[in-house]
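So you can see what is in the structure, the chains are spelled out below.
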Amino acid sequence: GGASAPRAPEPLSALPALHAWAKAVRSTEDGSKAIFLDYDGTLREFEDSPELAVPTAEIHQLLRALNDREDLMVHIISGRSAMFLRSHFGCYGRLVLIAEHERRVAGRFQVWRPDPSDVVSGAGVSSPKTELQDWRNPCRLEMSRSVVAVEGSHVEEKAASL
């Protein structure tokens, strides 16, 4: 026989785990619960240009309601910068904002990261800043070549990634 046609995904309403999750989140009596939400593509749909994907009024309405629930610990995880998350979601005092996909925690505290101005001296040892520059330049060049070939793509530079 030939290859079978791909199976259509089940609607979310047919998934038993979703019903159990929704029941647990709706309940205010079952103790503390944590919710982890991704920003781009989950809370906010993708845009042609990332700077256009800012939170909508509906997103703010949802986050206000979640922030008001003392039994929920809501986390927003994003590849976006800590500055973006703080500027758009810093008004919600109970949300945990995790920037650059767990590299930095925006707001109340911040995950340790090496200070690029620190210079470690010694044979064969370079500073973190030099190490970052060493890998970024060849990667940026290769990625830029791909960007030219793929319409609508771009290279986004972050503190520890491209």
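Anyway, here's the lowdown on the structure attached to this text. This structure is a prediction, so every number in the text was calculated from the model and none was measured.

In this section: the packing of aromatic side chains. The tally for this structure, following the rule as stated, stands at two aromatic pairs. Plain terms: the ring middles of Y39 and F89 are 5.6 Å apart, the flat faces sit at 65° to each other, and that makes the pair edge-to-face. Taken together, the residues span a long stretch of sequence, with Y39 in the loop between β1 (33-38) and α2 (57-68) and F89 in helix α3 (residues 82-89) at a distance of 50 residues. You can call Y39 buried: its relative accessible area is 0%. Residue classification places F89 among the buried positions, given a relative accessible area of 0%. One aromatic cluster is present, built from ring pairs that chain together Y39, F84 and F89. Taking NZ or CZ as reference, R80 lies 4.3 Å from the ring centre of F84, over its face.

Inspection of the secondary structure puts D71 in the loop between α2 and β2 (72-77). The class of D71 is buried, set by a relative accessible area of 10%. Only 2.8 Å separates the side chain of D71 from the side chain of R69, close enough to count as a polar contact. Every residue in contact with D71, bar those within four places of it in the chain, is listed here: S27, T28, G31, S32 and K33.

The next subject is the pairing of β1. Of the two faces of β1, only the one carrying K33, I35 and L37 is buried; A34, F36 and D38 on the other face are not. Both β1 and β2 contribute to a ladder of six bridges, which runs parallel. Pairing of A34 across the sheet is with M73, part of β2. Traced from β1 through α2 to β2, the parallel crossover comes out right-handed.

Our next topic: the pairing of strand β3 (residues 96-99). With three bridges joining them, β2 and β3 adopt parallel strand pairing. Bridge pairing in β3 places H75 opposite V96.

Take R44: it is sitting in the loop between β1 and α2. Residue classification places R44 among the buried positions, given a relative accessible area of 7%. C-alpha of R44 to C-alpha of I59: the two residues are 15 residues apart in sequence and 7.7 Å apart in space. Within the structure, R44 has its side chain in polar contact with the side chain of E45 (distance 2.9 Å). Polar side-chain contacts of R44 include one of 3.3 Å to the backbone oxygen of L52.

What counts, and at which threshold
Think of each chain on its own: its residues are numbered from 1, step by step along the sequence as written. In view of the model being predicted, local features appear only for residues whose pLDDT reaches at least 70, and side-chain atom pairs are presented and counted only at 80 or more, with totals across whole chains, interfaces and linings using the full set of residues. Side-chain measures here rest on the full set of heavy atoms in the structure, leaving out hydrogens and waters. Aromatic rings from Phe, Tyr and Trp, taking only the six-membered ring of Trp, are treated as a pair when their centres fall within 6.5 Å; an angle between ring planes under 30 degrees marks them as stacked, one over 60 as edge-to-face, and anything in between as tilted. Runs of E in the DSSP output that reach at least two residues are strands. Runs of H or I that reach at least four are helices, and both are numbered from the N terminus. In this scheme, a residue with accessible area under 20% of its type's maximum is buried, one over 50% is exposed, and one in between is partly exposed, where area comes from a 1.4 Å probe on protein chains only. Note on geometry: a ring has a charge over it if NZ (lysine) or CZ (arginine) is within 6 Å of the ring centre and within 35 degrees of the ring normal. Polar contacts here mean pairs of N or O atoms no more than 3.5 Å apart (in protein, one a potential hydrogen donor and the other a potential acceptor; neighbouring residues in sequence count only if both atoms are side-chain atoms). For this analysis, residues touch if any pair of their heavy atoms sits within 4.5 Å. For two strands to be treated as a pair, DSSP must find no fewer than two bridges joining them. Look down the strands so they point away from you; if going from the first strand over the helix to the second traces a clockwise path, that crossover is right-handed.

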